[in-house]
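Residue-level listing of the chains:
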Amino acid sequence: MSSAPPASAVLRIARRSTRTPFDRPVVRADEHRDLALDPRDVRFDWSRLPMHWVPEEPMATHTMNVLHLLLPEGERWFVRTFQEALPLITDERLREDVIGFIGQESVHAEAHQGVLDLLLAKGLDPAPFVRQVEWLFHRVLGARDDLCGAAGREHLIERVAIIAAIEHFTAFLGDWVLNAPGLDRAQVDPTMLDLLRWHGAEEVEHRSVAYDLLVHLDPSYPRRMRTMAVTGPVLTWMWVRGVRFLMLADPESTGPTKPTWRAYVQASRRGLLPGLTGAARSAARYVKPRYHPTQEGSTSQAVAYLACSPAARAAAR
C-alpha cells in the first residue's frame, strides 16, 4: 500500500478561517451543507505493522493504540443509539446526515478491529480491557427494555448527548492528526498513519451530526453541560487505564512499563501526541452557550485528505 501523503501536503490545500470566534455559532465558509456523508469501504493491510509503529516510541504508540481498544465497541454503540433515534427525527436533512454518520461509524469500528486482531497475533491480548469496554457500552449505556414512553425517550436523548460530547473530542483529535507533521518526521508506519488520518478526516467531516441531533431532540444547555461534565473525566480515566494496560501487556517492551504525564508532555512537544493545552481549550469551547462543532477543524481540509488517502482512493475504485 502506498504511503499516506504528509501533513505538509494537506496543509498546502487552502484552509481558510481555521478558527471562528467560539462565542458566535456561525457556520464557516468551508462548511459545505451540501456535502453528503458517504461511508468509504476502506481496507488496510496490517501484515507488516510493527508493534511500536511510532519508531522507538512505545508510549506514544500505545497512547494512540487506546483508540483501537475503545472504538470498535464504542462506535457500534453509536450506531445502535442513532438507529434507535431515527424515528424521532423530523428534519429530512438531519435524517440523511444521521444515516451517513451511521454508515461511516460502522466502517470505523471494523477498521480498528483489524488492529486488535493483529495485536493478539503479536502476543498482546486486548481481551481483558475490551471486555470492560463491552460491559460499559452494553450494560451501562445500552438500550433498556424496561423503559418506555417518556422515560425511554429521556434515556435515549441522554445517550445522544453523551455521543455529542465524545464526538467533540474525536473532532479535536481528527483535526490534530491532520495537522501533525511530527508524525511524518517520526516516520510513523504509513498504513497506520493513513488509518488515523482517514478516520480523523471523517470525524471532522461529520463532526456536527451528533450535536445537531442532540439540539433537534433537546436544545437545553444544562443537558449538554451535564453530559460533558461526566464524559470528559470518564473518557480521560479510561484512556489512562488503556495506556497502562497496553504498556504492561506489551511483549516487546524493553523500557519503562508505566506511563507518566511527564513522558506524555514530552511526546506532545515532539508533535507525537496532542498537547494538553489544546485539548483543554477545545473542551472550553464546548461549554460556551453558543458553541457549534463547525468551530473545530476544517471541512475543506478533511475532504481534501480523503481525496488523496491511499485507503479511501482504493475504496473508490
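Higher on the page you've got the structure.
Predicted, not measured: the structure shown is a model, and the values here were computed from it. (Residues numbered from 1 in each chain as written. Predicted model: local features only at pLDDT ≥ 70, side-chain atom pairs only at ≥ 80, totals over all residues. Heavy atoms only, no water.)

**A short note on the overall build of the protein chain**
The condition is simple: In DSSP terms, a helix is any run of H or I states spanning at least four residues, a strand is any run of E spanning at least two, and both are numbered starting from the N terminus. Only protein chains enter the accessibility calculation, which uses a 1.4 Å probe; a residue is then buried when its area is under 20% of its type maximum, exposed when over 50%, and partly exposed in between. For the accessible areas, the method is Shrake-Rupley and the probe is 1.4 Å, while residue cover comes only from the protein chains on display.
A count of helical and extended segments in the protein chain gives 13 helices and 0 strands. Along the protein chain, from the amino end to the carboxyl end, the secondary structure elements read α-α-α-α-α-α-α-α-α-α-α-α-α. Counting every position in the protein chain, which comprises 317 residues, the buried fraction comes to 53%. Summed over all atoms, the accessible surface of the protein chain reaches about 14400 Å², with 57% contributed by carbon and sulfur.

**Regarding the environment of Pro 126**
Summarising the element assignment, Pro 126 is placed in the loop between α3 (92-121) and α4 (127-140). Owing to a relative accessible area of 7%, Pro 126 belongs among the buried residues under this scheme. As for Pro 126 and His 68, which are separated by 58 residues in sequence, their C-alpha atoms are 9.4 Å apart.

**Here's the deal with the pattern of salt bridges**
Close approach of charged atoms allows side chains with opposite charge to pair. Quick note on the threshold: For this document, the term salt bridge refers to a Lys or Arg side-chain nitrogen within 4 Å of an Asp or Glu carboxyl oxygen.
Taken as a whole and assessed by the stated rule, the structure comprises 16 salt bridges. Measuring nitrogen to oxygen at the nearest pair gives 2.7 Å for the salt bridge that ties Glu 202 to Arg 40. Here Arg 40 lies in the loop between α1 (7-11) and α2 (58-85) and Glu 202 lies in helix α7 (residues 190-205), a separation of 162 residues in the sequence. Residue class for Glu 202 comes out buried when judged on its relative accessible area of 1%. The structure contains a network of salt bridges with shared partners spanning Glu 154, Glu 158, Asp 218, Arg 223 and Arg 226.

**Considerations on the side chain of Glu 57**
Definition in use: Between two residues, a contact is recorded if the distance between any of their heavy atoms is within 4.5 Å.
Looking at the element boundaries, Glu 57 is found in the loop between α1 and α2. A residue is classified by how much of its surface remains accessible, and Glu 57, at 19% relative accessible area, is buried. Look past the residues within four positions of Glu 57 in its chain and what remains in contact with it is Arg 270 and Leu 272.

**So, a nonpolar patch on the surface**
Inclusion rule: Put simply, a patch holds well-exposed residues, over 30% relative accessible area, that have no salt bridge, with like charges counted together within 9 Å and Val, Leu, Ile, Met, Phe, Trp or Tyr side chains within 5 Å.
Together, Val 230, Val 234 and Trp 237 give the surface a local cluster of nonpolar side chains, amounting to about 300 Å² of exposed area. As for its position among the elements, Val 234 is in helix α9 (residues 221-249). Residue Val 234 is classed as partly exposed on the basis of its relative accessible area of 36%.

**Details of the packing of α3 against α7**
Test applied: Comment: axis = line fitted to C-alpha atoms, over the contacting stretch for helices; angle = value between 0 and 180 degrees taken between N-to-C directions. By the definition adopted for this analysis, an angle is roughly parallel if under 35 degrees, roughly antiparallel if over 145, roughly perpendicular if from 65 to 115, and oblique otherwise. Crossings are assigned a handedness: left-handed for a near helix turned anticlockwise from the far helix by less than a right angle, right-handed for a clockwise turn. Amino acid classes used here: Ala, Val, Leu, Ile, Met, Phe, Trp, Tyr, Cys and Pro are nonpolar; Asp, Glu, Lys and Arg are charged; the rest, including Gly, are polar.
The interhelical angle for the contact between α3 and α7, taken along N-to-C directions, is 160°, at an axis separation of 11 Å. The orientation of α3 with respect to α7, classified from their angle, is roughly antiparallel. Judged by the twist between their axes, the crossing of α3 over α7 is left-handed. Touching Gln 104, Glu 105, Val 107, His 108, Ala 111, His 112 and Val 115 of α3 are Met 192, Leu 195, Trp 198, His 199, Glu 202, Glu 203 and Glu 205, all from α7. Looking at the contact of α3 with α7 residue by residue, the class counts come to 6 nonpolar, 4 polar and 4 charged.

**Regarding unusual backbone geometry**
Located in the positive-phi region is Glu 56, a residue other than glycine, with phi close to 60°. Relative to the helices and strands, Glu 56 resides in the loop between α1 and α2.

**Some details on the nonpolar core**
The line we're drawing: Definition used in this section: a nonpolar core is a set of buried Ala, Val, Leu, Ile, Met, Phe, Trp, Tyr and Cys residues joined via side-chain atoms within 4.5 Å.
By size, the foremost hydrophobic cluster in this structure holds 89 residues, and its most contacted members are Phe 82, Val 98, Leu 183, Trp 198 and Leu 213. Leu 183 has contacts with Met 64, Trp 176, Val 177, Val 188, Leu 193, Arg 197, Gly 271 and Leu 272, leaving out every residue within four places of it along the chain.

**With respect to the environment of Leu 195**
Inspection of the secondary structure puts Leu 195 in helix α7. Sequence separation between Leu 195 and Ala 111 is 84 residues; the distance between their C-alpha atoms is 7.9 Å. Apart from residues lying up to four places away in sequence, Leu 195 is in contact with Phe 44, Trp 46, His 68, Ala 111, His 112 and Val 115.

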